[in-house]
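The chain contents come next:
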Amino acid sequence: MIHIPVLETPRLRLRAQCLDDFPVYAAFLASPRARGMGGPFAEVAAWGQFCHDLASWHLFGHGALMIERRDTGECIGQVGINHGPLFPEQELGWLLYAGQEGQGFASEAAAALRDWAFVVRGLPTLVSYMAADNHASQAVAVRLGGVLDEQAVRSDPDDLVFRYPR
C-alpha cells in the first residue's frame, strides 16, 4: 500500500482526497472554469478524473492532493502530479474553486508539491500544460520558476508548456 503524504505550508494542508470532496470537485469540472482542462465535464467524467487522481498514487507513486485552508479547514481546490497516457511528461497541475483565486494559494500549494516531487520522489523535471489564454496559471507557473518550453511534447498542440527543472 502506497503512502499518500500530507504536506503543510504556513496557510495550507495538502491531503489525500476523500469521498466528501467529490461534489465540489464535480461542480468545478461541470463549470466553465474547467475549459482549460478540456471541460466542462459531465459527472461521470468528473468521477473518472477523481478516481484517476487517487489511482495515480498507487500506479506512479504520486498523484493529486486536495488543498485545504489550515485556518478554516475548507477544501479550496486541488494540486497534483498527473501522469499516464494523457500526459507525455509528469505534469504539475492545480485548480482553485471559485472565490479562492488571487490569494497565492495555487502558488503555495504547487510549490510544496513540486518540492516534494523533487526531494522525496527524485523527479528530474516537471511540466505544466495550460491553455494559451489561461493567464492566471501562466503567472503561477512563472512564480514557480517555470520556463516556457516550446520543444516539449504535448497532447494538445495549442497548449503552452512550462518546465520546472530540479
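Residues numbered from 1 in each chain as written. Predicted model: local features only at pLDDT ≥ 70, side-chain atom pairs only at ≥ 80, totals over all residues. Heavy atoms only, no water.

An unreviewed UniProt entry lists the protein chain under the name GNAT family N-acetyltransferase, with Stenotrophomonas indicatrix given as the organism.

Caption draft 1: Main features of the overall build of the protein chain. Each helix and strand in the protein chain was counted, giving four helices and eight strands. Reading the protein chain from its N terminus to its C terminus gives the helix and strand order β-β-α-α-β-β-β-α-β-α-β-β. The principal-axis extents of the C-alpha atoms in the protein chain amount to approximately 40 × 35 × 35 Å. Looking at the protein chain residue by residue over its 166 residues, the buried ones come to 51%. Summarising the internal contacts of the protein chain: among those between residues at least 6 apart in sequence, 61% fall at separations of at least 24. For the protein chain, the computed accessible surface area is about 8300 Å², with 59% contributed by carbon and sulfur atoms. (Helix = DSSP H or I, 4+ residues; strand = E, 2+ residues; numbered from the N terminus. Buried < 20%, exposed > 50% of the residue type's maximum accessible area, 1.4 Å probe, protein only. Contact = heavy atoms within 4.5 Å. Areas by Shrake-Rupley, 256 points an atom, 1.4 Å probe, with all protein chains shown as cover.)

Caption draft 2: A look at the pairing of strand β8 (residues 160-165). When strand β6 (residues 125-130) meets β8, the two strands line up antiparallel, connected through six bridges. Across the sheet, residue Val-127 finds its bridge partner in β8, namely Arg-163. Judged from the two bridges that link them, strand β7 (residues 147-148) and β8 form a sheet pairing that is antiparallel. By the bridge assignment, Leu-148 is partnered in β8 with Phe-162. (Pairing = 2+ DSSP bridges.)

Caption draft 3: Structural context of the packing of helix α1 (residues 22-30) against helix α2 (residues 43-60). Where α1 contacts α2, the axes come no closer than 9 Å and their chain directions differ by 120°. For the element pair α1 / α2, the angle class is oblique. In terms of crossing hand, the pair formed by α1 and α2 is right-handed. Contact residues: α1 offers Phe-22, Tyr-25, Ala-26 and Leu-29, while α2 offers Glu-43, Ala-46, Trp-47, Gln-49, Phe-50 and Asp-53. For the contact of α1 with α2, the per-class residue count stands at seven nonpolar, one polar and two charged. (Axes fitted to C-alpha atoms, helices over the stretch in contact; angles between N-to-C directions. Parallel < 35°, antiparallel > 145°, perpendicular 65-115°, else oblique. Left-handed = near helix turned anticlockwise from the far one by under 90°. Nonpolar A, V, L, I, M, F, W, Y, C, P; charged D, E, K, R; others polar.)

Caption draft 4: Just the packing of aromatic side chains, in detail. One pass over the full model with this rule turns up six aromatic pairs. Here Phe-28 and Tyr-97 contribute two aromatic rings whose centre-to-centre distance is 6.0 Å and whose plane-to-plane angle is 50°, an arrangement assigned as tilted. One end of the pair, Phe-28, is in helix α1; the other, Tyr-97, is in the loop between β5 (91-96) and α3 (105-119), and 69 residues separate them in sequence. Given the relative accessible area of 7%, Phe-28 is considered buried. Of the residues examined, Tyr-97 reaches a relative accessible area of 7% and is grouped as buried. Cluster of aromatic residues (ring-pair linked, three or more members): Phe-22, Tyr-25, Trp-47 and Phe-50. (Phe/Tyr/Trp six-rings, centres within 6.5 Å; stacked < 30°, edge-to-face > 60°.)

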